[in-house]
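Survey of secondary and tertiary structure
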Amino acid sequence: MRKSLVIATRGSQLALWQAEHVKSRLQSLDPELAVDLVIIKTKGDIIQDVPLAQVGGKGLFVKEIEEALLDNRADLAVHSIKDVPMELPDGLILGCIPKREAPTDCMLSCKYADLAALPQGACVGTSSLRRQAQLLALRPDLRIESLRGNVDTRLRKLREGVYDAIILASAGMNRLGLSAPYMHALDPQTFLPAVGQGAIGIECREDDYDLFALLAEIEDTPTRVCVEAERGFLAGLEGGCQVPIAGHARLEDDETFVLEGLVAEIDGSLILREAQRGHTSKARQIGLELAEKLLARGGRAILEKLYQQ
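Below is a summary of the structure that appears in this document. (Residues numbered from 1 in each chain as written. Predicted model: local features only at pLDDT ≥ 70, side-chain atom pairs only at ≥ 80, totals over all residues. Heavy atoms only, no water.)

This part takes up the nonpolar core. Core analysis: the biggest nonpolar cluster contains 25 residues, and Phe233, Leu237, Ile245, Phe257, Leu259 and Val263 have the highest contact counts within it. Listed by contribution, the elements that provide at least two residues to this core are helix 9 (221–237), strand 11 (245–251), strand 12 (256–264) and helix 10 (283–308). Top contributing element to this core by residue count: helix 10, with nine residues. Leaving out residues up to four positions away in the same chain, Phe233 has contacts with Val195, Ile245, Ala246, Gly247, Leu259, Gly261, Leu262, Gly287, Leu288, Leu290, Ala291 and Leu294. Core analysis: the second largest hydrophobic core is formed by 17 residues, Leu33, Val35, Leu214 and Leu215 among them. (Core = buried A, V, L, I, M, F, W, Y, C linked by side-chain atoms within 4.5 Å. Buried < 20%, exposed > 50% of the residue type's maximum accessible area, 1.4 Å probe, protein only. Helix = DSSP H or I, 4+ residues; strand = E, 2+ residues; numbered from the N terminus. Contact = heavy atoms within 4.5 Å.)

So this is what it looks like as structure tokens:
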């Protein structure tokens, strides 16, 4: 059995909460296990004054952390799954996906209860093209402004009146115990979340067999199925977290799940959305098939135009 482990993580409040959560889960399995955290700054953390879609590239929040795994400075890395690119470096795998938090997006405001209550021309903060597209499809009158920074920074800007409302992941608010005067979870039936949103992924070296045995104790199979389906969808679109793509899977029973996917014009003028059922054993394949459907319906043209820009 291992005597010690090193977890690589980003330094944000949410990233540290997630790393500490995994540390606690592992030490509850083996109280003798020593677990240390190493904080690593990623490109996405360093560049704060540019919208994510303009920074470009995949792995903005994981590349430097993966390098720490590959050169043995760390044994495992704790990520938000939605930040993890579809293709991992040779030698690394997603060794564990624990139980998921709420996958939804959440509208936060100091004055307005929900999207319908926002006045004409209200200013909404988000740096996500996925969120922007769906907001404008529902409310074309809204003014969307870039919003970067950690959760505390975003909430402070909301309180200061820079925005009438902001959109954040429900999972982050729940994990950190944060709130705003008005909080409205956006139902996935009308507002699809990011692929993998609310889920934590534990990345490690593929030959670390002792670690696999430990991680298996905190793996959550239903979450794995849903995340694999969503990531299969994203892989089929060759997309990343900075493009207007959304995907959400849910189990109907022990053997069947439903996956919904979306590709959109960034101004919300066209929303392509499809759903597909499948057996849990074919999660990734169903995701790839759904991607092909949306590409054929016009998704390919949308994404090609966006990448050219």
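Within the open sheet, the three strands sit side by side as 11-12-13. Their pairing is antiparallel. Every other strand in the sheet has two partners, leaving strand 11 and strand 13 (271–279) as the edge strands with one partner each. Mean inter-strand twist for the sheet, computed between neighbouring axes without regard to direction, equals 15°. Bridge count between strand 11 and strand 12: seven bridges; the pairing is antiparallel. Within strand 12, the residue paired with Arg250 across the bridge is Val258. In this fold helix 5 (residues 129–138) packs onto strand 11, strand 12 and strand 13, with an angle of close to 90° to the strand it touches most, strand 11. Running at roughly 165° to strand 13, helix 10 makes contact with strand 11, strand 12 and strand 13 of the sheet. (Pairing = 2+ DSSP bridges. Axes fitted to C-alpha atoms, helices over the stretch in contact; angles between N-to-C directions.)

Attention shifts here to the pairing of strand 12. Burial within strand 12 is extensive, with eight of its nine residues counted as buried. Where strand 12 and strand 13 come together, nine bridges link them in antiparallel fashion. Along strand 13, the bridge assignment pairs Ala264 with Ile271. Joining the antiparallel neighbours strand 12 and strand 13 is a turn of six residues, in which Gly268 adopts a positive phi near 75°.

This paragraph deals with the pattern of salt bridges. Inspection of the entire model under this criterion finds 18 salt bridges. The salt bridge involving Asp105 is made with Arg130; its shortest N-O contact spans 2.7 Å. Within this pair, whereas Asp105 is found in strand 5 (residues 105–109), its partner Arg130 is found in helix 5, the two being separated by 25 residues in sequence. In this pair, the class of Asp105 matches that of Arg130, namely buried. Across the pair Arg143 and Glu145 runs a salt bridge whose closest N-O atoms are separated by 3.2 Å. Its relative accessible area of 44% is what places Arg143 among the partly exposed residues. (Salt bridge = Lys/Arg side-chain N within 4 Å of Asp/Glu carboxyl O.)

Once that is clear, we can look at the state of the cysteines. Working definition: the covalent bond between the sulfur atoms of two cysteines is a disulfide. Counting across every chain of the model gives zero disulfides. Distance from the sulfur of Cys106, which forms no disulfide, to the nearest cysteine sulfur (Cys110) is 13 Å. (Disulfide = S-S within 2.5 Å.)

Let us now look at the side chain of Thr280. With respect to the secondary-structure elements, Thr280 resides in the loop between strand 13 and helix 10. Ignoring any residue separated from it by four or fewer positions in sequence, one finds Thr280 in contact with Val225, Leu251, Asp254, Glu255, Thr256 and Phe257.

Once that is clear, we can look at the sheet that holds strand 5. The strand order across the open sheet built from five strands is 7-6-8-5-9, with neighbouring strands paired in mixed fashion. Pairing within the sheet leaves two strands with one partner each, and these edge strands are strand 7 (143–145) and strand 9 (182–186). Direction aside, the axes of adjacent strands within the sheet are offset by 25° on average. Where strand 5 meets strand 9, five bridges bridge the pair, whose relative direction is antiparallel. When the sheet's bridge partners are listed, Cys106 is paired in strand 9 with Ala185. Helix-sheet contacts for helix 5 involve strand 5, strand 6 (123–125), strand 7 and strand 8 (165–169), and the interaxial angle to strand 8 is about 130°.

Function-wise, these values are silent; they only describe arrangement.
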